Amino acid sequence: CTTVSAPVDWADPESDRVELAVVRQESTNTTRGSVLTNPGGPGGSGFDFVSFGYAVSPAVRADFDVIGWDPRGVGRSTRVTCFTDNADTDAVLYGPVGDLDAEGARFATACADNTGELLQHMDTASSARDMDLIRALVGSDKLNYVGYSYGTFLGTVYTQLFPGNLGAIVLDGAYDPALSLFDLFQDQSVAYDDAFRSYLEGCLRDPGCLFTGSVDDAAEQARVLIASADTTALVADDGRVLDSPTLASAVVYSLFSTQYWDGLSALLRGVGDGDPTLAFAAADSANGRYGDGSYGLNYTEVYTSVMCVDWSSAGESIDDRLASIDAAAPIVGAPYARVDFAR
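Quantities reported herein were computed from a predicted structural model and do not represent experimental measurements.

The rules behind each value
The numbers attached to residues start from 1 for each chain and follow its sequence in the written order. This being a predicted model, a pLDDT of at least 70 is required before a residue's local features are given, and a value of 80 or more before pairs of side-chain atoms are given or counted; all residues contribute to the totals for chains, interfaces and linings. Water and hydrogen atoms were dropped before computing side-chain values, which therefore reflect all heavy atoms in the structure. Here, nonpolar core means buried Ala, Val, Leu, Ile, Met, Phe, Trp, Tyr and Cys residues that are tied together by side-chain atoms lying within 4.5 Å of each other. Whether a residue is buried, partly exposed or exposed follows from its accessible area with a 1.4 Å probe, protein chains only, as a fraction of its type maximum: under 20%, in between, or over 50%, in that order. Helix and strand definitions here come from DSSP, where helices need a minimum of 4 consecutive H or I residues and strands a minimum of 2 consecutive E residues; each element is numbered from the N-terminal end. When checking whether two residues touch, look at their non-hydrogen atoms; a contact exists if any pair is within 4.5 Å. Whether two aromatic rings pair depends on their centres lying within 6.5 Å, for rings of Phe, Tyr and Trp, where Trp uses its six-membered ring; planes under 30 degrees apart make the pair stacked, over 60 edge-to-face, and the rest tilted. Given the number of residues in a helix, its expected span is that number minus one, multiplied by 1.5 Å. To be clear, the arc concerns the directions from the helix axis to the C-beta atoms. We define a salt bridge as a side-chain nitrogen of Lys or Arg found within 4 Å of a carboxyl oxygen belonging to Asp or Glu.

Enquirer: What should I look at first to understand the nonpolar core in this one?
Expert: Generally speaking, soluble globular proteins have nonpolar side chains that are buried together. With 40 residues, the main nonpolar core has F196, Y199, F211, L247, V251, L264 and L268 as its most contacted residues. Every element with two or more residues in this core is listed here: α3 (86–94), α7 (181–203), α8 (215–232), α9 (244–253), α10 (261–272), α11 (277–287), α13 (318–328) and α14 (333–342). When residues no more than four places from it in sequence are discounted, the contact partners of F211 are Y199, L200, C203, L204, A218, Q221, A222, L225 and L268. With 38 residues, the next largest nonpolar core counts A128, I134, Y145 and F153 among its residues.

As structure tokens, then:
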């Protein structure tokens, strides 16, 4: 484990520094080189990804040194910081949706005040330049890289900036970087709905499944259950009130692996029975929120800052696009979009 020092502004090498937390898992055989990896997000911790052994297969770990890092702004690296009070962050992630312009302005002001110059340099191109610095410092002539989800965009930008430094690159779960932010999110929402329907196919084969009938019937029942959170307003032990965006966030988090599907069934049944405990637990995991109410990671801050720098949504109405997303992904689309756009 170490830290790497990079300029905040790559156009000005004498600018302030950003510290990048880097971890290396050494190969168990004679090493054939190194592989850099990123789990996505933006906002995911590549340091944890490697430390917990999730990044690559045992066969790759045997022959290559696997390197992960927390990208600029993330986790153990120099962080993007917005609200310094956990209650303010709770209000963004779990509070009722109110005046979007006012809430957005308050959040942006806090990010600017508490992060400073780094906030303007959270773009993907700057992170790709950080990647090349890490490549050079570990002594690799060529970059071998595995990127997942948003990590595929990092890999794509790297190939544009440093075509002469490419080794083997794997991009898993790639998306079209030419899409607008709203179209990108809509495509992702459709994928979540498709994944949820796959979950329902398995659930319906279980006599204890909460849902009944065909997959279409079950999908409509699930849509109604998620939407009903706004009216049932189930209260957690800590006083937070479950709404449809929070429940959708919990559902989406539970769709990334079939290993989570039993837990998804349990949290949905809990909501149906009036108990939001498991739903909040999944949403908290998605948001990096600990049991004591603190935030170990800063997913929301990083995700928002990178998206705002990389993409422009000027001239597009959030409300208009929510209707479009709801039509394309009726199960989780609109309520989950309210997590990203309205909060």
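Enquirer: Help me understand the packing of aromatic side chains, please; the structure alone is not making it clear to me.
Expert: Two aromatic rings, taken as a pair, are described by how far apart their centres are and by the angle between their planes. Across all of its chains, the model carries 15 aromatic pairs by this definition. On the basis of an interplanar angle of 85 degrees and a centroid distance of 5.5 Å, the ring pair of F49 and Y148 is categorised as edge-to-face. A residue pair is termed long-range when its members are at least 10 positions apart, and F49 in helix α1 (residues 46–51) and Y148 in strand β5 (residues 143–148) qualify at 99 residues. Owing to a relative accessible area of 22%, Y148 belongs among the partly exposed residues under this scheme. Where F52 meets Y54, the ring centres are 6.0 Å apart and the plane angle is 70 degrees; that geometry is what we call edge-to-face. Accessibility classification places F52 together with Y54 in one group, the exposed group.

Enquirer: What should I look at first to understand α10 in this one?
Expert: Residues lying three or four places apart along an α-helix face the same way, a consequence of the helix completing one turn every 3.6 residues. Along its 12 residues, α10 runs 16 Å from first to last C-alpha, staying within 8% of the 16 Å computed at 1.5 Å per residue. All of the buried residues in α10 are L264, L267, L268, G270 and V271. Relative to the axis of α10, the buried residues are bounded by an arc of 155 degrees and lie together on one face. Of the residues trailing α10, G274 is marked for its positive phi of about 90 degrees.

Enquirer: Help me understand the pattern of salt bridges, please; the structure alone is not making it clear to me.
Expert: It is possible for side chains of opposite charge to pair when their charged atoms get near one another. The full count for this structure, using the stated rule, is 13 salt bridges. For the salt bridge of D284 with R289, the shortest nitrogen-to-oxygen distance reads 3.7 Å. Overall, R289 belongs to the buried group, its relative accessible area being 12%. In this structure, a network of salt bridges that share partners links the residues D90, D238, R240, D284 and R289.

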